[in-house]
Structures are given as structure tokens and as C-alpha cells.
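The residues making up each chain are set out below.
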Amino acid sequence: RPDLGLDYLAVGHVTADVMLDGGVRAGGAVTYAVATASALGLRAGFVTRARPGRPPLDLPGGVLHCLVASHDTTTFVNAYDAAGRRNQTLLALAPPLVADDVPPEWDRVGVLHLAPVAREIGADVASGIAADFVGDSPASDDVGDGEPAPGFNTRYASSSTRFLSGERLITQFE
């Protein structure tokens, strides 16, 4: 098998999460996914579109990233109710990611994780990447009306599995 550029590649928006105290921290599925993959010893990287420096990225050493510069960073305000359920408000949205945003040296990976937070992954992104395993996290692709983006199921038809948060699993089965 040819040498892989990365063991684990996540694609999606890093977000600026505004906390109730006014602080801003990096969020989004890609942020947490690559930190976890790196902690497990994988060569991990991600592709995102955001405004450089917003939010500041505090990633483990060795995590590679391709930041496609944008005027905006996808930005959410997170509020929690008395039961601890999160309510997110979308303040800003960076443009979608397209196949040309993925560096050519990352066209062969072990795991490809399509990790949208706001319908930002173009239908062509996965088609240009050869992966041993493809996973997606569709639970985060329902910003706004609670419905998946049009064409979502066909866009990720090559997916091997779905990554869901514990919060989303509980919601799915209530």
C-alpha cells in the first residue's frame, strides 16, 4: 500500500465559539476530532476555511492543518439551559469548502472524516480523496431548520460510518 500523507483527515469548519462570559474558543467537530486522533498516535490533519487568527488554534503538536483564508469564521454563541442542553445561535458563516481546498498531498489518507457544522462541505470534496475508511458526522449538518442539507445522503453515500455525539444520540431516540 502506498505511504499515506495522513492517517486521519478531518474536513469541516473550525468554529469560533462565543461563550456567555464573552470569551471565544475554537470549536467544531474537526477541532476535537484531530485532537483525539493525535492523542491516539495518528498523523492527523484537517482542512478548514476561516479568518486567520480567529479563533486562535491551540492544537496538539504534530497536527497539520490547511487553513483556507476567509473574511469570516463560522461563529456560534453557545448557551445552556438549566438541564444542560446546548442552544446554538449562528452569528457568521464562512464559505463552503470545495475539492480544490484539499492539498494534493492529502489525496490518500487512512481515515477521512467529513465533519460539517453548517452545511459547508461541497459535494465534490470526498470524491478527490482516496481513503481506507470514510466517516461523516451528519448530526452537525442541520444548522437552522433542523433538517439535513439537501443532497446530504447522496453527498456522503461513500461513507463507511456515521460519527454521532452523545447529545445527538439521545435526541435521536427520544
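Coordinates for the structure precede this section.
This write-up is about the structure you can find in this document. (Residues numbered from 1 in each chain as written. Predicted model: local features only at pLDDT ≥ 70, side-chain atom pairs only at ≥ 80, totals over all residues. Heavy atoms only, no water.)

1. Considering the overall build of the protein
- Across its full length, the protein carries three helices and ten strands.
- Element order for the protein, N to C, with α for helix and β for strand: β-β-β-α-β-β-β-β-β-β-α-β-α.
- Within the protein, the proportion of its 174 residues that are buried is 44%.
- Contacts spanning at least 24 positions in sequence make up 57% of the contacts within the protein whose residues lie at least 6 apart.
- Taken as a whole, the protein presents about 8,900 Å² of accessible surface, with 55% of it coming from carbon and sulfur. (Helix = DSSP H or I, 4+ residues; strand = E, 2+ residues; numbered from the N terminus. Buried < 20%, exposed > 50% of the residue type's maximum accessible area, 1.4 Å probe, protein only. Contact = heavy atoms within 4.5 Å. Areas by Shrake-Rupley, 256 points an atom, 1.4 Å probe, with all protein chains shown as cover.)

2. Digging into the sheet that holds strand S6 (residues 75–80)
- Spatially, the four strands line up as an open sheet ordered S3-S2-S6-S7, and their pairing is mixed. Each edge of the open sheet carries a strand with a single partner, namely strand S3 (24–27) and strand S7 (86–92). Going across the sheet, the axis of each strand differs from the next one's by a mean of 35 degrees, ignoring polarity.
- Direction of pairing for strand S2 (residues 15–18) relative to S6: parallel, over a ladder of three bridges. Across the sheet, the residue bridging to alanine 16 is threonine 75, located in S6. (Pairing = 2+ DSSP bridges. Axes fitted to C-alpha atoms, helices over the stretch in contact; angles between N-to-C directions.)

3. Description of the side chain of threonine 73
- By the element assignment, threonine 73 lies in the loop between strand S5 (64–69) and S6.
- A polar atom in the side chain of threonine 73 sits 2.6 Å from the backbone oxygen of arginine 54.
- In contact with threonine 73, not counting residues within four places along its chain, are Val14, Thr15, Ala16, Ala50, Arg51, Arg54, Pro55, Ala92, Leu93 and Ala94. (Polar contact = N/O pair within 3.5 Å; in protein donor to acceptor, adjacent residues only side chain to side chain.)

4. Here we look at helix H1 (residues 29–39)
- Residues Val30, Thr31, Ala33, Val34, Ala37 and Ser38 constitute the buried set of H1.
- Summarising the contacts, the buried residues of H1 are in contact with strand S1 (6–11), S3, strand S4 (44–50) and strand S8 (108–114).
- The first or second residue beyond H1 is glycine 41, which carries a positive phi of 90 degrees.

5. Topic: the environment of alanine 37
- Tracing the backbone through its elements, the reader meets alanine 37 in helix H1.
- Sequence spacing of alanine 37 and tyrosine 8 is 29 residues, and the spatial spacing of their C-alpha atoms is 6.9 Å.
- Contact partners of alanine 37, with chain neighbours within four places excluded, come to Tyr8, Leu42 and Ala44.

6. Some points on the pairing of S4
- With seven of seven residues buried, S4 lies mostly within the body of the structure.
- Along S4, one buried face is formed by Ala44, Phe46, Thr48 and Ala50 and the opposite face, lined by Gly45, Val47 and Arg49, is buried too.
- As defined by bridge partners, S1 adjoins S4 across four bridges and the pair is classed as parallel. From the neighbouring strand, tyrosine 8 faces S4, where its bridge partner is alanine 44.
- Bridge count for S4 against S5 is six bridges, and the pairing is parallel. Bridging from a neighbouring strand, alanine 50 pairs with alanine 69 of S5.

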